[in-house]
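# A structural walkthrough
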Amino acid sequence: MQPPPAATALAPGAPVETEAIDLAAVAEMLVRSPSALPFTMPKPGAGPPPALASSTRLPAQTGHTEGIDHAAVEAAVGGSFPLAAPEAEQLPLAIEQYAALRAREEAGTPTDLLHREYRIHDVAHRKRVDASFAEVFQQRPNLRTAFDHSLEQWRQYLRAPRG
């Protein structure tokens, strides 16, 4: 990687001309400058400033999102990004978390450690987690694709050399 051009302007070992700067004087100048402050300094013992009046009033929100046809929205945007399906919202873990769990388990991370980390209480709970994902992946192939992608990223990360 090349250093930035400014770093190569001086030859190595060449003397650098510097000017001493009194930082305390600069700070004092900035604090005392009227243009430096967007407000006037309060006098000692003064109370809090008055509340700012909002210049923007937002109308009351009367709409709602019930009745959205998720399939129609997904079709309209061409599947350019995954929309959360109602089934996915009820999963015990995010898809990325489940991919990490599975990849780390494959890599040899102790199951009890993973279960504590992902708040899986026992073997029966883990079976329910796996069954939930299997059902959703069968119903929603796009979520299975997202999971497979995340799982492969985790596998690559865990196989990458460290150090």
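Now for a description of the structure that goes with this document.

Definitions and limits used
Residues numbered from 1 in each chain as written. Predicted model: local features only at pLDDT ≥ 70, side-chain atom pairs only at ≥ 80, totals over all residues. Heavy atoms only, no water. Phe/Tyr/Trp six-rings, centres within 6.5 Å; stacked < 30°, edge-to-face > 60°. Helix = DSSP H or I, 4+ residues; strand = E, 2+ residues; numbered from the N terminus. Buried < 20%, exposed > 50% of the residue type's maximum accessible area, 1.4 Å probe, protein only. Core = buried A, V, L, I, M, F, W, Y, C linked by side-chain atoms within 4.5 Å. Contact = heavy atoms within 4.5 Å.

## Quick look at the packing of aromatic side chains
Following the criterion strictly, the structure yields 5 aromatic pairs and no others. Judged by centre distance (3.9 Å) and plane angle (0 degrees), the rings of Tyr98 and Phe133 are stacked. Highlighted residues: Tyr98 in helix 4 (residues 95–106) and Phe133 in helix 6 (residues 123–139), separated in sequence by 35 residues. Look at Tyr98 and you get buried, because its relative accessible area is 3%. A ring pair is formed by Trp154 and Tyr157, whose centres lie 5.7 Å apart and whose planes are at 85 degrees; its orientation type is edge-to-face. Remark: Tyr157 and Trp154 occur in helix 7 (residues 141–159); sequence separation between them is 3 residues, near one turn of the helix. Given a relative accessible area of 26%, Trp154 falls into the partly exposed group. Within the aromatic cluster, the residues linked to one another by ring pairs are Tyr98, Phe133, Phe137 and Phe147.

## Overview of the nonpolar core
One finds Leu93, Tyr98, Leu101, Tyr118, Phe133 and Phe147 to be the most contacted residues of the largest nonpolar core, which totals 18 residues. At the level of secondary structure, the elements contributing two or more residues to this core comprise helix 4, helix 6 and helix 7. Sorting elements by how many residues they give to this core places helix 4 first, with 6 residues. The residues touching Phe133, leaving out its near neighbours within four places in the chain, are Leu91, Pro92, Leu93, Ala94, Ile95 and Tyr98.

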